[in-house]
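Tertiary structure, described
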Amino acid sequence: MKRYSVLFLFLLLFISCADDDDFGLESTQFVFSEQRWELVQMSGSFTGSETTGKDMQWQEYYIFSPEGTFLKSRTVNDEVTEATGTFEVVEYDNDLNHYLELTYQTGNTLVGNCTGDNKELLMYRNTTMITSLWLACDGPGLDYQLRKN
């Protein structure tokens, strides 16, 4: 009986310490310390269309600053295009995902969205991966990985 009591107490302690924050996002509170997120995979709307590395149509990265600003840089055939703007973390009712909403101030040609305006949404998949939502309207699927803290 003592064994079951100890096991029950251990299980109770383990459950009470568990955190619903699967990605560690709550604990970091989205505090950015000059983070660089690099494009690691592009995909189309059909299976098997994924490309990585030098095979992608372009190379791209975001740098997010603690002040709430970002820089986006895209290289196509050795030509670099940059964009800048501000970002904020957003949540939507009935949606457990966390998003970064980017508002472009320069370089609007780099905006990847479905609305045609100067806003772009990126979804947190976990603490080291974010995904563009451009694929929802026939844009490419773009996955970014955290490379530098």
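Residues numbered from 1 in each chain as written. Predicted model: local features only at pLDDT ≥ 70, side-chain atom pairs only at ≥ 80, totals over all residues. Heavy atoms only, no water.

Take the overall build of the chain next. Counting its secondary structure elements, the chain contains two helices and nine strands. Going residue by residue from the N terminus, the α and β elements of the chain occur as α-α-β-β-β-β-β-β-β-β-β. Within the chain, the proportion of its 149 residues that are buried is 38%. Taking the contacts inside the chain whose residues are at least 6 apart along the sequence as the reference set, 40% of them involve residues at least 24 apart. (Helix = DSSP H or I, 4+ residues; strand = E, 2+ residues; numbered from the N terminus. Buried < 20%, exposed > 50% of the residue type's maximum accessible area, 1.4 Å probe, protein only. Contact = heavy atoms within 4.5 Å.)

For the rest of this paragraph, the subject is the state of the cysteines. Inspection of every chain in the model, using the stated rule, returns one disulfide. Paired through a disulfide, Cys114 and Cys137 show a sulfur-sulfur distance of 2.1 Å. Handedness of the Cys114-Cys137 disulfide follows from its S-S torsion of about -95°: it is left-handed. Residue Cys114 is located in the loop between β6 (99–106) and β7 (119–126), and its partner Cys137 is located in the loop between β8 (129–132) and β9 (141–148); the two are separated by 23 residues in the primary sequence. Using a relative accessible area of 44% as the deciding quantity, one classes Cys114 as partly exposed. (Disulfide = S-S within 2.5 Å.)

Bringing the nonpolar core into the picture now. Across soluble globular proteins, nonpolar side chains show a tendency to be buried alongside one another. Among the nonpolar cores identified, the biggest contains 22 residues, and Trp37, Tyr62, Phe64, Leu102, Tyr104, Leu122 and Tyr144 are the most heavily contacted of them. Sorting the residues of this core by element identifies β1 (35–43), β3 (59–64), β5 (79–90), β6, β7 and β9 as the ones contributing at least two each. (Core = buried A, V, L, I, M, F, W, Y, C linked by side-chain atoms within 4.5 Å.)

This part takes up the confidence of the model for the chain. Taken residue by residue, the chain gives an average pLDDT of 83. The fraction at 70 or more is 78%. Here helix α1 (residues 2–17) stands out as the least confident element of the chain, with mean pLDDT 40; strand β4 (residues 69–76) is the most confident, with 98. This stretch, residues 1–29, has a pLDDT under 50; its non-local contacts, to residues over four places away or in other chains, come to eleven contacts. (pLDDT = per-residue confidence, 0-100.)

Take the pattern of salt bridges next. Within the structure shown, the criterion is met by six salt bridges. Overlapping salt bridges bring together Arg36, Glu38 and Arg147 as one network. (Salt bridge = Lys/Arg side-chain N within 4 Å of Asp/Glu carboxyl O.)

With that settled, consider the packing of aromatic side chains. For the structure on display, the rule yields eight aromatic pairs. Both rings, one in Phe64 and one in Phe87, keep their centres 5.0 Å apart while their planes meet at 75°; by these two values the pair is edge-to-face. Residue Phe64 is located in strand β3, and its partner Phe87 is located in strand β5; the two are separated by 23 residues in the primary sequence. Neither Phe64 nor Phe87 differs from the other in exposure class; each is buried. For the pair Tyr92 and Tyr99, a centre-to-centre distance of 5.4 Å together with 65° between the ring planes defines the contact as edge-to-face. By relative accessible area, which is 6% here, Tyr99 ends up buried. Three or more aromatic residues joined by ring pairs make a cluster, and in this case those are Tyr62, Phe64, Phe70, Phe87, Tyr104 and Tyr144. Geometry around Tyr61 places Arg36 over its ring, the cationic atom sitting 3.7 Å from the centre. A cation over a ring is seen here: Arg74 above Trp58, with NZ or CZ 4.1 Å from the ring centre. (Phe/Tyr/Trp six-rings, centres within 6.5 Å; stacked < 30°, edge-to-face > 60°. Lys NZ or Arg CZ within 6 Å of the ring centre and 35° of its normal.)

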